[in-house]
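# Close look at the chain arrangement
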Amino acid sequence: MSPTRVLVVDDEPDLVTILAEWLEEDGYEVYSATSGGDALRLFFQHRPTLSIADLRMPGMDGFQLITRIREMSDGHILVLTALGGEEHVIRGLELGADEYLVKPVSKRVFLARVRSLLRRATPPQEGPSGYSDAFLKLSFLTHEIEVRGQSLHLRPTEFRLLSFLVQNSDRVVRHQEVLDRVWGDQGGSMDSLKWYISSLRDKVEEDPQNPRLIVTVPRVGYRYFPPESRSRAERPEGL
């Protein structure tokens, strides 16, 4: 089996060298760049499974690079940057990053996040091949989705999150359970979870400010509430 391809871009050449060494020691095939433009050319050429990008770079910055990558790929994106402000985290995730790490970072944490991102697999083919209700249709095999009969594009993390929720629609799933199953070990945070829930609601709810499909159970977790369930019985108190 060919090694997994990883693209690393940062305008600090010494850091690029260090990250590339860590990744190569862990068995990855690494392509590196020190500018957004060079990184985009490498992405077109090699189509890496994971892209690791700084945000603050001259010319094409990391935000622009993430946007361009997301226009043509659902591959994983890990932001590694010194910009740790909430507004930067939110913007990076909104543009399509799967996870966000703030420099400096240790080798162990960095590689743990990389492994976690790359472990995220589609639902096993031995299980259901899809899901359908009055509003929503998902194919777990092809990642196709329809909402009220209209095709919809979801980011990879959004699709995994929604798939997990609909497959457990008979119960409330706790915050940590969602993080463990969708993000994997050390791969997610409560901030990421809240942002992705909000993003999903914007895309699938008729009224995102008053969600009826993806509901919150305060201090516990979330539940996907199929339309058919609402027609059969009243929603439980608190949902």
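What this report covers is the structure whose coordinates are included nearby.

The rules behind each value
Residues numbered from 1 in each chain as written. Predicted model: local features only at pLDDT ≥ 70, side-chain atom pairs only at ≥ 80, totals over all residues. Heavy atoms only, no water. Pairing = 2+ DSSP bridges. Helix = DSSP H or I, 4+ residues; strand = E, 2+ residues; numbered from the N terminus. Axes fitted to C-alpha atoms, helices over the stretch in contact; angles between N-to-C directions. Contact = heavy atoms within 4.5 Å.

Ordered by their spatial adjacency, five strands build an open sheet running S2-S1-S3-S4-S5, and the pairing between neighbours is parallel. Edge strands, defined here as strands with exactly one partner in the open sheet, are strand S2 (29–33) and strand S5 (99–102). The sheet shows a mean angle of 20° between the axes of neighbouring strands, taken without regard to direction. As paired elements, strand S1 (residues 5–9) and strand S3 (residues 50–53) share four bridges and run parallel to each other. Across the sheet, Val-9 pairs through a bridge with Ala-53, a residue of S3. Most of the contacts of helix H1 (residues 13–25) go to S2, to which it runs at about 170°, and overall it touches S1, S2, S3 and strand S4 (76–81).

With that settled, consider the sheet that holds strand S6 (residues 130–132). The pairing of strands in a sheet happens through backbone hydrogen bonds and is either parallel or antiparallel. Judged by pairing direction, the sheet is antiparallel, and its four strands sit side by side in the order S6-S7-S8-S9 without closing on themselves. Both edges of this open sheet fall to S6 and strand S9 (150–151), since each of them pairs with a single strand only. Across three bridges, S6 lies against strand S7 (residues 136–139) in antiparallel orientation. Bridging from a neighbouring strand, Tyr-131 pairs with Leu-138 of S7. Here helix H6 (residues 156–167) sits on the sheet and contacts S6, S7 and strand S8 (145–147); the angle it forms with S7, its principal contact strand, is near 110°.

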